[in-house]
Amino acid sequence: MALQVTRLRVEQFRRFRQPLELDGFEAGLNILSAPNEAGKSTLVRAIRAAFFERHRSTSVDDLRPWGEGSSCAPHIELDFSLDGQQHHLIKSFLGKKRCTLQIGARTLDGTDAEDHLAQVFGFSFAGRGATKPEHWGIPGLLWVEQGTGQELDVQHARDHLHDALKDQLGGATRALAATGGDEILGQLRSHRGELLTSTGRPRAAYAEAAELIGTLEAEINAADAQIGTYRQQVDQLAALRGQHHSDEESKPWDVLGADLLVARKRQEVIRSTQDRLQSDNARLAQLEGMRELLVKELEGLSQQQSNAEARAQALIKAAQDLHDSDLNAQNALENAEKASRRANAARDVWRIASQGASRATLQQQLSQAQVDADACAVNLQRAEDSQQRLIALRASAAAAPTISKTQVQHVLRLDRSARDADLRHQAVATRLQFSLPEGQRVELLTRGASQSLHGQGEQLLDAPTTMQLPGGGALVITPGGVDLADLARVQSETREELNAALQVLGVSDVAEAQARLAFVNDSDAQIKLGEQALTILAPQGLEPLRKALADAQSRIKTAQEALGRLPEVPDRSLPPFEQVEAEIEAAAGAEQVALAALARAQQLQAGGKSLHDAAQREHATAQAALTDPARAQRHAQAQQKLLTNGEEHEALSTRISQASVELRAAQPELVAQDIERLQRSIEQMTRSHQQRREQILVLESALEQAGAHGLEEQRDALAGKLAHAQRRHDDLLRRANALDLLCSMLEEKRQATLARLQAPLQERLQHYLPLLAPGATVQMDADLAMSTLARTQANGVIESGPVQDLSFGAREQFGLISRFAYADLLQQAGRPTLLILDDALVHSDSSRLAQMKRVLFDAAQRHQVLLFTCHPQDWRDMGVAVRSLN
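Residues numbered from 1 in each chain as written. Predicted model: local features only at pLDDT ≥ 70, side-chain atom pairs only at ≥ 80, totals over all residues. Heavy atoms only, no water.

**As for the sheet that holds strand β14 (residues 474–477)**
Step number 1: Taken together, four strands build an open sheet; the order of strands is β11-β10-β13-β14 and the sheet is antiparallel. Sheet topology places β11 (449–454) and β14 at the edges, where each strand pairs with a single neighbour. Here the average twist between neighbouring strands, direction ignored, is 25°.
Step number 2: Sheet topology note: the strand β10 (residues 441–446)/β11 ladder contains six bridges and is antiparallel. Note that in β11 the partner of L445 across the bridge is S450. (Pairing = 2+ DSSP bridges. Helix = DSSP H or I, 4+ residues; strand = E, 2+ residues; numbered from the N terminus. Axes fitted to C-alpha atoms, helices over the stretch in contact; angles between N-to-C directions.)

Printed below as a string of structure tokens:
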């Protein structure tokens, strides 16, 4: 069914308060351009309102222009042809509600017209309130609003698309729809979902039945385990009672107690032997220590004879060394006295020569100090004079009136302005020249002031003036020029401003101001010169000069006092001071060498005497030790003790060896291990006997309680419940398998039918797809929308994924291709199609945009397309004129 919009007119609609009419639409592609906020989306909204909104709706306030009152009535007129028949639609909202549709000679009004359009174009109206996307149907799918090209919701137009496809496919699909196949499949899926999850796992009652079977089986297993445990405990109780009775009769711990008593007695004998052996070893160690002391004592007595002989030889050597050191000390003393006399003589000569040199140095320092004092006095006097002159200049400058260069320049500018005003005034004023006889006067009256003229002269008149004639009568002179009054006012104001400036400065005229400025500048220059002169004479001020003068005078006094303290120089000739210094240095060096030699000799003498005295004491001590009567007695006693020690040491060694052999034979470690083993065994037997008795009591109590509970009866009751639960589970299993099989069979049938249903749409998509993505294929979902895209990469690998994962621009491009395919399909089914694209493809790059232009141009060969854009330069190559809304 061919559809073509031919004319659109809007008035009082959003931003179009005044009527706007567009006509001459082409059957194919129509491109309308305008900048942002120029009304493109308003026109799209007008077309949508003409079809989707009820004319009596109260939810369309957004159609009214901003600021308009309730009387405003948004108005739309739309002319279009449908299968060659002309349609004229008029629709008004809010203030004047109206809807009229003229189809050839037939006219429909109100809701009849609106329902007719909804039926023909495939959409519906909201029951109440504003229309929503779920009501828009086929137009909502084909009319793309700004920024929604990437959003493709086929759900609201699916029924219309199915109807179009069923009309093409014929019987099989209509039969499936007639039998309510989708409804039956939905019910079966609902029943299956009550028992199975989407992955086939049990749920709800089916899962509860399986869970009950597992619970009952676990309880039966637990009951079987309890019964087995009961039987095992009965056997265990009998065995424990037998073992306990056997131990009560045999008492095996008493036998082990007798063995433990024997082992402990053996251990006591071993410990007695160990104590005796330990005592003998200690005594043996004492004997060995006493033996070492006796041997050392005998060696010391023998060493005393050798020491006495050595001390005698050392005494002889010390006496000889003492004699030699006495001779060396006497010689060193004589040499030192000789060197001291030479040094003292040199010091006397040096002292006299040094006093002469000091006197000369002091004389030189006194002369220099006097020169420095004279120079400081002169500089200080000059600096003080400069400072006094500078103080006088500053006082004079401070007393004189101040004036600045800026102030003088300001006065000069005012003076020039006053003179310029005078010149301009004189140039325009009326010049009155007069020559009167002697004694004759003429009175002039200007601005109420009277002036008498006599003799010869000239007078400038800048205001109306009355001249009183001598014989009576008067002449009124009115100067010409329209600017004369203004010039006079400017002249007066300039003079007043100049006089005010001169009065502020305290001068009578400009010359006096310039003279005062010259005086101020000259005073400043003299002050600067005075400051520079004072800086040269006293860079750091007068105080450093006064201090330098005081220092020089102090040096003079110090030098004079030092000269007064020096003794008189004797009247004898002295060698040069350098020779005197060399002599005293040589004499002092020789004296130091001699004194050092004397000190060493005296040190050696004292050391020799000390060694000699020590040798005498050591020799006397050694002789006294040799002649001591007790020495022979100590020697005999030490030898006797050494002999007795040896005999006792030998006897103890023999007894220790015998005891060690006996101890090793007794094996004390094994005896200790036997005692420990027997003790642990007795403890273990008695503890096991007691534990066995306790186990018997526990088992008797447990068996008594288990017998009271009736385990066999409980197990039989659980088996009955399990059989009932198993039967219910089997029933639910059969029902779930049957429902799963039915759903699978119907789904396979549905998929086959859906594949036949999708084939025409898939064919139209594959018509457009190579123009955008060569080699790519798409899969459709049950709602007849693109779901999966498969394409070949540059390396030959095929990749696939959901269309929703593509970029914003790519989703918009594939969304438009889908809409073009839907339009082809609907047109083939005889449905009216109109494509509206509001600012579409603005997110496409240049390459993709060029491909989409080919797609759009191809679609425009079969459908009318209204493309609204704010980028007219991008659409100049589409073979149609780009119409501007401005």
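What follows continues from the structure just given.
**So, the packing of aromatic side chains**
Step number 1: Applying the stated criterion to the full structure yields ten aromatic pairs.
Step number 2: Plain terms: the ring middles of F51 and F123 are 6.5 Å apart, the flat faces sit at 85° to each other, and that makes the pair edge-to-face. Here the residue F51 occupies a position in helix α1 (residues 40–52), and F123 occupies one in the loop between α2 (110–121) and α3 (137–142), the gap between them amounting to 72 residues. Across this residue pair, the class does not change: F51 and F123 are buried.
Step number 3: For the ring pair F51 and W143, a centre distance of 5.4 Å and an interplane angle of 65° mean the geometry is edge-to-face. Of this pair, F51 sits in helix α1 while W143 sits in strand β8 (residues 143–144), placing them 92 residues apart in sequence.
Step number 4: Take W143: its relative accessible area is 4%, and that puts it in the buried class.
Step number 5: Each residue in the set F51, F52, F80, F121, F123, F125, W136 and W143 is aromatic and connected to the rest through ring pairs, giving one cluster.
Step number 6: Its end group placed over the ring of W136, R48 keeps NZ or CZ at 4.3 Å from the ring centre.
Step number 7: Between the NZ or CZ atom of R54 and the centre of the ring of F125, over which it lies, the distance is 3.9 Å. (Phe/Tyr/Trp six-rings, centres within 6.5 Å; stacked < 30°, edge-to-face > 60°. Buried < 20%, exposed > 50% of the residue type's maximum accessible area, 1.4 Å probe, protein only. Lys NZ or Arg CZ within 6 Å of the ring centre and 35° of its normal.)

**Focus: the nonpolar core**
Step number 1: Core analysis: the largest hydrophobic core is formed by 88 residues, its most contacted members being L43, F51, F80, L142, F820, L837 and L856.
Step number 2: Setting aside anything within four residues of it in sequence, one finds F820 in contact with Y768, L835, L837, V855, L856, A859 and H863.
Step number 3: Formed by 20 residues, the second largest nonpolar core is a distinct cluster that contains A369, C376, L380 and A538. (Core = buried A, V, L, I, M, F, W, Y, C linked by side-chain atoms within 4.5 Å. Contact = heavy atoms within 4.5 Å.)

**A word on the packing of helix α17 (residues 808–828) against helix α18 (residues 846–859)**
Step number 1: It is at 11 Å that the axes of α17 and α18 come closest, and there the two elements cross at 10°. The angle between α17 and α18 places the two elements in the roughly parallel class. The residues of α18 that touch α17, namely those facing A810, Q813, L816, I817 and F820, are R848, M852, V855, L856 and A859.
Step number 2: For the contact of α17 with α18, the class distribution of residues is eight nonpolar, one polar and one charged. (Parallel < 35°, antiparallel > 145°, perpendicular 65-115°, else oblique. Nonpolar A, V, L, I, M, F, W, Y, C, P; charged D, E, K, R; others polar.)

No statement about biological role is implied by the geometric values presented.
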